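Examination of the molecular architecture
In case you want the letters, here they are:
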Amino acid sequence: MGQTQSNVLTGAEAMVLLLQAHGVKHIFGLCGDTSLPFYDALYRLDHGIEHILTRDERCAAYMADGYARVTGRVGVCEGPSGGGATYILPGVVEANESSVALLSITTDVAVSSLGRYPLTELDQTALFRPLTKWNGVIGDSGRLPNMVRAAFRAMTTGRPGAAHLGLPYDIQKAPVDEADIWAQGDFARFPAWPGAPDPTAIEAAATALVAARNPIIICGGGVVLAGGEAALQAVAERLNIIVATTVSGQGSLADNHANNLGVVGSNGGVPATRALVDAADLVVFAGCRAGSVTTERWRSPAKGVKIIHMDSDPMVISANYQTDVAVVADVRLAFEELNLALEAMGTDKIDFGGGEKVAAALEVKFAAFDKLAASNDRPIKPERVIGELNRVLPSEAVIVADPGTPCPYFSAFYKIPHAGRYFISNRAHGALGYALSAAVGAQIGRPGSKVVAAMGDGSFCFTVGELETVTRLKLPITFLVFSNSVFGWIKAGQKTGFNERYFAVDFNRTDHGAVAEAFGVKSWRVEDPGDLAGVLKQAVEHDGPSLVDVICQPLQDAQAPVSEWIA
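My aim in this report is to walk through the structure given alongside it, one point at a time. (Residues numbered from 1 in each chain as written. Predicted model: local features only at pLDDT ≥ 70, side-chain atom pairs only at ≥ 80, totals over all residues. Heavy atoms only, no water.)

**Topic: the sheet that holds strand 18 (residues 478-483)**
To keep things clear, this is the line we draw: Only strands joined by at least two bridges in the DSSP assignment are considered to pair. Counting from the N terminus, the helices are the DSSP runs of H or I reaching at least four residues and the strands are the DSSP runs of E reaching at least two. Angular values range over 0 to 180 degrees, each being the angle between N-to-C directions of two axes fitted as lines to C-alpha atoms, with helices fitted over their stretch in contact. What makes two residues a contact is simply this: any of their non-hydrogen atoms within 4.5 Å.
Ordered by their spatial adjacency, six strands build an open sheet running 16-15-17-18-20-19, and the pairing between neighbours is parallel. Edge positions in the sheet fall to strand 16 (423-425) and strand 19 (522-526), since each of these pairs with one other strand and no more. Going from strand to strand, the sheet's axes swing by 15° on average, the running direction of each strand aside. Sheet topology note: the strand 15 (residues 398-401)/strand 16 ladder contains three bridges and is parallel. Bridge pairing in strand 16 places A401 opposite S425. Contacts from helix 17 (residues 434-445) reach strand 15, strand 16, strand 17 (451-456) and strand 18 within the one sheet, and its direction differs from that of strand 17 by about 170°. Against the sheet, helix 22 (residues 529-541) makes contact with strand 18, strand 19 and strand 20 (546-551), and its axis sits at roughly 170° relative to strand 19, the strand it touches most.

**Overview of the packing of aromatic side chains**
Counted only if it meets this: Stacked, tilted and edge-to-face pairs are distinguished by plane angle, under 30 degrees for stacked and over 60 for edge-to-face with tilted covering the rest, among Phe, Tyr and Trp rings (Trp via its six-membered ring) whose centres lie within 6.5 Å. Exposure classes here rest on a 1.4 Å probe applied to the protein chains alone. A residue is buried below 20% of its type maximum, exposed above 50%, and partly exposed in between.
Considering all chains together, one arrives at 11 aromatic pairs under this definition. Plain terms: the ring middles of F366 and F369 are 5.8 Å apart, the flat faces sit at 85° to each other, and that makes the pair edge-to-face. In this pair, F366 and F369 both sit in helix 14 (residues 354-373), three residues apart, roughly one turn of the helix. Residues F366 and F369 agree in their burial class; the two are buried. A ring pair is formed by W489 and W565, whose centres lie 4.7 Å apart and whose planes are at 80°; its orientation type is edge-to-face.

**Quick word on the nonpolar core**
Let me state the cut-off plainly: Among the buried residues, those of types Ala, Val, Leu, Ile, Met, Phe, Trp, Tyr and Cys that are joined through side-chain atoms within 4.5 Å form a nonpolar core.
Within the largest apolar cluster, 149 residues are counted, with the highest numbers of intra-cluster contacts made by L19, L103, V400 and F410. Per-element accounting of this core gives the leading share, nine residues, to helix 3 (residues 57-71). Among all residues touching V400, those that are not within four sequence positions of it are I424, Y434, A435, A438, A439, A442, V451, V452, A453 and A454. The next biggest cluster of nonpolar side chains, apart from the first, holds 34 residues, and it includes A201, I202, A205 and V325.

**Remarks on the pattern of salt bridges**
For the record, the criterion: Each salt bridge in this description consists of a side-chain nitrogen of Lys or Arg and a carboxyl oxygen of Asp or Glu lying within 4 Å of one another.
Tallying each qualifying case throughout the model produces 24 salt bridges. As a salt-bridge pair, D40 and R44 come within 2.8 Å of each other at their nearest N and O atoms. Remark: R44 and D40 occur in helix 2 (residues 36-44); sequence separation between them is four residues, near one turn of the helix. The class for R44 is partly exposed, based on a relative accessible area of 44%. K537 is the salt-bridge partner of E541, the closest N and O atoms lying 2.7 Å from each other. Taken together, the positions of E541 and K537, both in helix 22 and four residues apart, correspond to about one turn of that helix. By relative accessible area, which is 55% here, E541 ends up exposed. Linked through salt bridges whose partners overlap, the residues forming this network are E13, D40 and R44.

**Some details on the packing of helix 15 (residues 382-392) against helix 16 (residues 406-413)**
We apply this condition: Between 65 and 115 degrees an angle is taken as roughly perpendicular, under 35 as roughly parallel, over 145 as roughly antiparallel, and anywhere else as oblique. Two helices cross in a left-handed way if the nearer one is turned anticlockwise from the farther one by less than a right angle. They cross in a right-handed way if the turn is clockwise. For this scheme, ten residues count as nonpolar: Ala, Val, Leu, Ile, Met, Phe, Trp, Tyr, Cys and Pro. Four count as charged, namely Asp, Glu, Lys and Arg, and the remainder, Gly too, count as polar.
Put simply, helix 15 and helix 16 touch, their axes get as near as 10 Å, and they point 50° apart. In terms of orientation, helix 15 lies oblique with respect to helix 16. Crossing of helix 15 over helix 16 shows right-handed handedness. Contacts from P382, E383, I386, L389 and N390 in helix 15 reach Y409, F410 and F413 in helix 16. Taken together, the residues of the contact of helix 15 with helix 16 break down into six nonpolar, one polar and one charged.

**Describing helix 14**
Let me state the cut-off plainly: Here the expected length of a helix is defined as 1.5 Å per residue gap, with one fewer gap than residues.
With 20 residues, helix 14 should reach 28 Å at 1.5 Å per residue; the first-to-last C-alpha distance of 27 Å fits that figure. Burial in helix 14 covers these residues: G354, G355, V358, A361, L362, K365, F366, F369, L372 and A373.

**Looking at the layout of surface pockets**
Put simply, the rule reads: Computed over the protein atoms alone on a 1 Å grid, cavities are sets of points where a 1.4 Å probe fits but cannot get out and pockets are open sets with protein on both sides within 12 Å along at least five of seven lines; a residue lines them when it has an atom within 4 Å of a point. Grid points are joined across faces, edges and corners, and a volume is the space filled by probe spheres set on the points.
Approximately 840 Å³ is the volume attributed to the largest pocket. Taken together, 43 residues line the largest pocket, and the ones lying closest to its centre are E97, G221, S248, G287 and R289. Within the residue set of the lining of the largest pocket, elements represented by two or more residues are helix 5 (89-97), helix 10 (222-225) and strand 16. No other element matches strand 16, which puts three residues into the lining of the largest pocket. Among the residues forming the lining of the largest pocket, the class breakdown is 18 nonpolar, 15 polar and 10 charged.

**Describing the pairing of strand 9 (residues 215-219)**
In terms of burial, strand 9 is a largely internal element, five of the five residues being buried. Residues P215, I217 and C219 point to one face of strand 9 and I216 and I218 to the other, with burial holding for every one of them. Bridging between strand 9 and strand 12 (residues 282-286) involves five bridges; their strand directions are parallel. Pairing of I218 across the sheet is with F285, part of strand 12. Pairing between strand 9 and strand 10 (residues 242-245): four bridges, direction parallel. Bridge pairing links I216 to I242 in strand 10.

**Regarding the side chain of T273**
Defined as follows: Two N or O atoms form a polar contact when they lie within 3.5 Å of each other; inside protein one atom must be a possible hydrogen donor and the other a possible acceptor, and for residues adjacent in sequence the pair counts only when both atoms belong to side chains.
Here T273 lies in helix 12 (residues 271-279). Residue T273 is classed as buried on the basis of its relative accessible area, which comes to 0%. At a separation of 2.9 Å, a polar atom in the side chain of T273 contacts the main-chain carbonyl oxygen of V270.

**A closer look at the side chain of T294**
On the secondary structure map, T294 appears in the loop between strand 12 and strand 13 (306-311). Its relative accessible area of 13% is what places T294 among the buried residues. Discounting residues that sit within four places of it in the chain, T294 has contacts with I218, T246, V264, G265, C288 and S300.

**Things to note about the state of the cysteines**
Defined as follows: Any pair of cysteine sulfurs within 2.5 Å is marked as a disulfide.
Summed over all chains, the structure comprises zero disulfides. In this structure C31 is not part of a disulfide, and its nearest cysteine sulfur, from C59, lies 14 Å away. There is no disulfide at C219, and the cysteine sulfur nearest it, in C288, is 8.3 Å away. C219 gets classed as buried once you look at its relative accessible area, which sits at 0%.

As structure tokens, this is what we get:
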């Protein structure tokens, strides 16, 4: 009597079903000939996954990144071999360095043709190795299910990050045992399996905090990624302590909370907020790498200040500052345990006066801003744009900002009334062109919210082709272009650091509204500050995609909240 054979799938079918098993609902990608079996499986199988066709692999990765940040689910992007694999890299490395769980699937030439000079052959293993948390090209169809599970496990546990799976053409057609199609459901979201802190470290942190005279908490992106907003707020209110954030850490505490100082550092910080960091005798870095921008190149706080550092990644702790108390843990769990330890110590009478200090600093900060935001000068001052948006946008709007002109202004002056992920900027590598694409992922991930993508005109031209994706999907995103005909950040650096020797930074003005209209996007151009509020209101309320092209003051002439252009 013959042995019963198990059902057999192709590798492409197995990949689709494993993605389904891991809770994937959306894939962002671009077609290629090496991807044909995978696409055919997506067409034939009943899986409930929506594929979003993009116009560029880099943009597919940025979309998956934005999607992952607003949903907490793994973002998935895909592209073909050769050029597709190289184009997808910028989005993969940005997600990895930003602790965002992102899976990049790149199809590949057949394993059987390796070394025979097939079209688009490329060493994908070597290409992605330094840029990802987990990386593998599937060389045997029998290993496909386990490699997919390993990728999801790596992306979502510990410090989240990006993973890459290479899927060769012949592996997509090779057999896979259907019995091996299963998933650990915990890995559909991140962070999965959060690590609790050492009780001894929590006790030491609580003791150090209570002994301080003028402490401050500086929150990085790890607080929101971990869902630690409520736990942070409990500690802040128990101690009435100052809470500041990095650009990526915005949303750790609502901007209207009395203890929230806002963004500090060389991008978005101002002298009034910097003074409170410099006055601290103890700094708690929470989910924060204490990098060059946050610390003004490691001068604020000064070396020698007492440091508590909480992070899920032990490698960032003490990398830049000698650390007195290290708490290696999920930041949410760390704050929850810290609050319990403070409660047990009887800290009800401790009051560091954070709310009063924050109020005084913000009064100085916004007095200067309000004057510029009321200006009727032409070209329009960026502060005027942010001031109008503070009045026009709904409270739960999601802002996706490129790192050029928009980032410092939104970070310093746009008020987010809720804790959580309502502001996104690609702070790890700062590539231009991120916002237009990431906003697509954010809108798909949070369809009920108003999404605004803010960019300079340099950024706009990087990824303008994705406006076709936006109109095809009928996404009601509002695009805001700070139009000043210059790579402003670099020109400002040339002005302040190179004696105004301007070189290769200026370009011709583009009619961005006309370009967007050609794609089917409702557009406006604004040169008069008096027209700005009305146009922004129309754009935000428009029932489809919209674009506002603002003729804006260039950064090198502006009073941007940036202390150093070369950080």
